[in-house]
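Architecture and fold: a report
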Amino acid sequence: MKKTLIISAAVLFSAVCFAQKTDRPVYLDPHAPVEERVEDALSRMTLEEKVGMTTAQSKFSSRGVPRLGIPEVWHTDGPHGIRPEVLWDEWDQAGWTNDSCTAFPALINLAATWDKEMSLLYGRSIGEEARYRKKDILLGPGINICRTPLNGRNFEYMGEDPYLAGQMVVPYVKGVQENGVAACVKHYAVNNQEFQRTQSNSVVDDRTLYEIYLPAFKAAVQEGNAWAIMGSYNLYNGQFNCHNKKLLVDILKGEWGFDGVVVSDWGGCRDDEEAVLNGLDIEMGTWTNGLSGAASDGYRQYHMADPYLKGLREGKYTTKELDDKVRRILRTIFRTSMRPEPNYGRFVCPEHYQAARDIAAAGVVLLKNENNTLPLNVPEGGKILLVGDHQHGKTGAGKALHDLPVNALGERRIDINDIKRAVAVLGKAFQIILILVIDDTAAVEQLCFLGVCLDDIDRIGRRIDHNGKCRAARDRFQTHLSRSRKQVEKVGIFHFKLQCAEHRFFDAFRCRTGSLPFQGFQRDVAC
């Protein structure tokens with residue numbers, strides 16, 4: 001009798017557990033196939049909930065479905081570091097004290113490694129940082145072709161060779177997505193200038209498009225299995241790219257079979273009907289009326305918010321496009337924040353610092369090494385002084401600045417008094433100076449104190465003769481040079497930017513001290 005009761009209890013317990021298991025919706029089952037979860041969730045959503053998922057709800061997040069326990073989607077700037085948190089509805093930083101990320105090298109540096117293992121390491125590392133900060137979509141990598149050296153964001157891309165960019169983007173994407181973070185490959189497509197980028201029209205024939213501008217994106221989608229693509233600001237053959245039918249519907253989702261989500265660049269969506277019909281899935285950053293700025297975004301006024309809902313209710317649109325958009329968004333969520341394997345990531349850890357250093361070193365390309373100046377040979381007990389704004393290891397992608405754990409002289413701006421104090425402290429051990437960046441009007445005086453001789457100073461002086469302040473600084477340089485040049489044994493590579501009132505330019509310099517000449521990096525003049 002006792003044995004019978006025990007068996008009956010076990011059967012009853014199993015039945016209850018089975019009933020509880022079968023009562024759980026499929027979309028909440030982390031072990032169910034992704035497509036089954038997508039269809040189950042979609043079938044439970046209202047029209048308003050579906051439309052709500054297609055637009056932003058804050059500066060860097062888009063809506064989920066709270067009623068069903070489906071989380072919002074969090075986006076973050078990349079591709080070189082995770083952006084500091086910003087306020088919900090403003091661009092100002094939120095003032096967190098724990099969001100200073102690892103600043104990884106620029107992607108042009110990564111491409112210069114010609115090393116796919118380095119690209120995989122980069123992707124894994126930055127993906128771990130994004131996951132630790134609970135981000136679902138990393139807005140990178142950038143793989144636009146460097147068509148002109150005047151493009152202000154060339155440093156953010158992977159060079160001018162479509163094949164090289166395609167080979168390097170695939171492991172980056174895979175590395176990021178190993179962490180349950182979607183790599184949002186950008187800016188799709190033929191986006192090759194920053195000047196008037198929101199209104200420029202890229203007129204390109206098919207052969208040029210397919211042979212130069214699309215191969216890297218195709219590799220990211222078909223070989224890297226990228227989960228997200230960002231549309232670019234510009235027009236391609238007369239139609240804005242964030243809702244360009246040929247690029248998004250015909251090529252990306254048609255020819256290439258892309259099953260991920262298309263995200264607009266912030267403010268890149270321009271038209272209600274084209275946004276609905278031409279392949280855009282998530283609209284981000286649109287201003288209140290889609291055209292002009294406002295202190296606070298009116299999210300319900302986005303092209304795919306209330307105008308879209310109104311059009312659906314009035315029969316202007318069918319739910320065919322809407323369901324496709326929502327499927328792609330749900331697929332992204334089930335691949336990231338609701339994926340079956342938990343992943344908590346890592347942030348500003350020694351391994352990421354080492355990865356950033358290794359990638360940067362592997363990407364350095366030495367074009368000329370006169371008199372074997374490199375590698376720098378620091379004597380025993382010697383020190384290196386980093387001078388200028390970038391000595392603090394800050395980097396940006398036209399947006400946020402990210403801090404590295406670098407401590408040089410303690411202040412962001414370095415002036416002549418800082419240099420004097422440093423020399424006083426370092427004394428005779430002050431054998432080598434590596435000047436990285438000097439970018440204020442005291443630059444010439446700083447250099448003269450360090451004993452740097454610029455062969456081109458007369459030519460430079462002629463460029464700035466109209467400006468008395470700069471001319472005086474040049475004269476002081478020449479005066480101080482003779483008495484200070486013995487203080488420095490060797491001067492390394494430097495990049496010099498001289499900024500004067502109403503005049504700014506970059507120039508190339510040849511640098512020497514004593515009997516040791518060195519040819520510095522060349523820079524194009526840009527007035």
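Coordinates for the structure precede this section.
The present account deals with the structure reproduced in this document. Worth saying up front: this structure is predicted, and the values here are computed from it rather than measured.

Glancing now at helix α11 (residues 306–313). Residues of α11 that are buried: Tyr308, Leu309, Gly311 and Leu312. Summarising the axial view, the buried residues of α11 lie within an arc of 160°, below the 170-degree limit, and thus occupy one face. Buried residues in α11 make contact with α3 (47–52), α10 (272–277) and α12 (319–335).

Next up on the list: the environment of Ile212. Looking at the element boundaries, Ile212 is found in helix α7 (residues 206–213). Once the C-alpha coordinates of Ile212 and Val190 are considered, the two residues, 22 residues apart in sequence, prove to be 9.1 Å apart. In this view, Ile212 contacts Ile145 and Pro162; residues no more than four positions away in its chain are not counted.

Attention now goes to the pattern of salt bridges. The final tally for this structure, using the stated rule, is 29 salt bridges. Note that Arg24 is salt-bridged to Asp29, the shortest N-O span being 3.6 Å. With a relative accessible area of 39%, Arg24 lands in the partly exposed category. Between Arg331 and Glu35 there is a salt bridge, with the nearest N and O atoms lying 2.8 Å from each other. Of this pair, Arg331 sits in helix α12 while Glu35 sits in helix α2 (residues 34–43), and the two are 296 residues apart along the sequence.

With respect to the helices, strands and loops of the structure, Asp323 is situated in helix α12. For Asp323, a relative accessible area of 14% corresponds to the buried category. With near-sequence residues (within four places) excluded, Asp323 lies in contact with Leu42 and Lys50.

A word on the state of the cysteines. Scanning the entire structure with this criterion turns up zero disulfides. We note that Cys269 lacks a disulfide partner, and the nearest cysteine sulfur, in Cys242, lies 6.9 Å from it. Residue Cys269 is classed as buried on the basis of its relative accessible area of 0%.

Rules used in this analysis
- Residues numbered from 1 in each chain as written.
- Predicted model: local features only at pLDDT ≥ 70, side-chain atom pairs only at ≥ 80, totals over all residues.
- Heavy atoms only, no water.
- Buried < 20%, exposed > 50% of the residue type's maximum accessible area, 1.4 Å probe, protein only.
- Helix = DSSP H or I, 4+ residues; strand = E, 2+ residues; numbered from the N terminus.
- Arc of directions from axis to C-beta.
- Contact = heavy atoms within 4.5 Å.
- Salt bridge = Lys/Arg side-chain N within 4 Å of Asp/Glu carboxyl O.
- Disulfide = S-S within 2.5 Å.

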